[in-house]
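Read off the chains here:
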Amino acid sequence: MRLLNNLKIGARLGAAFGAAVLLVLITGATGLWQARQMNLATEDITTSWLPSVQVLGEIRGLLGNERRAVLRHVLESDPSGKAKQQEAQVDIRQNKLAPLWERYSTSLMSSEEERQMNRDIMVKQKAWREADDQLIALSNAGDEKLAEARAFATGRSATLFNDLMAPVQQDI
């Protein structure tokens, strides 16, 4: 305290002004650093997370469409209607879902956790599709297998579909 008392008023004002300028510079530098961190986080969201969420949302919708096509196949009584629903299912599976899964798995997964979840989804999707292939076979067998097809659609096929959709939803 004596040191400050021994200084002239001009020196004391200069020291106070210098300290204020130093605090402003520190505050400004901290603000710039935090703004850069926010920008990096925003870039990560827009270049990695958002496209990933968009593709997974499309995949979720298309899986639902594929499921509906199979269920409509079971409900159809006309062979041409059944054929139309089976064509829709194959189109969704091969022409719409396959490219989306390829895009997601090759360029949008950013963590090992996502890769593991994708492997789990692929296993569950394979099991569900095998069950749906059985369901279509039952549906194509005619009226004598219709009750069995409906039971299978609301039983095993529905369970496998729900098992598939849980990790897809979680990944979104």
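Residues numbered from 1 in each chain as written. Predicted model: local features only at pLDDT ≥ 70, side-chain atom pairs only at ≥ 80, totals over all residues. Heavy atoms only, no water.

### Here we look at the layout of surface pockets
Stated precisely, the cut-off is as follows: Here a cavity denotes a set of grid points, spaced 1 Å apart and computed over the protein atoms alone, in which a 1.4 Å probe fits but from which it cannot get out, and a pocket denotes an open set meeting protein on both sides within 12 Å along at least five of seven lines; residues with an atom within 4 Å of a point are reported as lining. Grid points are joined across faces, edges and corners, and a volume is the space filled by probe spheres set on the points. Strands are runs of DSSP state E lasting at least 2 residues, helices are runs of H or I lasting at least 4, and numbering of each runs from the N terminus. Ten residue types, Ala, Val, Leu, Ile, Met, Phe, Trp, Tyr, Cys and Pro, are classed as nonpolar, four, Asp, Glu, Lys and Arg, as charged, and the remainder, Gly among them, as polar.
Space inside the largest pocket adds up to approximately 240 Å³. What lines the largest pocket is a set of 13 residues, and nearest its centre among them are Trp-49, Ser-110, Ser-111, Glu-114 and Asp-171. Mapped by element, the contributors of at least two residues to the lining of the largest pocket are helix H2 (9-75), helix H4 (112-140) and helix H6 (156-171). Ranked by residue count, the leading element in the lining of the largest pocket is H2, at four residues. For the lining of the largest pocket, a count of residues per class yields five nonpolar, five polar and three charged.

### A short note on the pattern of salt bridges
For the record, the criterion: When a carboxyl oxygen of Asp or Glu is within 4 Å of a side-chain nitrogen of Lys or Arg, the pair counts as a salt bridge. Relative accessibility thresholds used throughout: buried, under 20% of the residue-type maximum; exposed, over 50%; partly exposed, between the two (1.4 Å probe, protein chains only).
Evaluated as defined, the whole model comprises 10 salt bridges. Residue Arg-129 pairs with Glu-66 through a salt bridge whose shortest N-O separation is 3.1 Å. A residue pair is termed long-range when its members are at least 10 positions apart, and Arg-129 in helix H4 and Glu-66 in helix H2 qualify at 63 residues. A relative accessible area of 13% places Arg-129 in the buried class. A salt bridge links Lys-145 to Glu-148, with the shortest nitrogen-to-oxygen separation between them at 3.4 Å. For Lys-145, a relative accessible area of 32% corresponds to the partly exposed category. When its relative accessible area of 41% is taken as the criterion, Glu-148 is described as partly exposed. Each of the salt bridges in this network shares a partner with another, and the network as a whole consists of Glu-66, Arg-93, Arg-129 and Asp-133.

Purely geometric stuff here, so don't read any function into it on its own.
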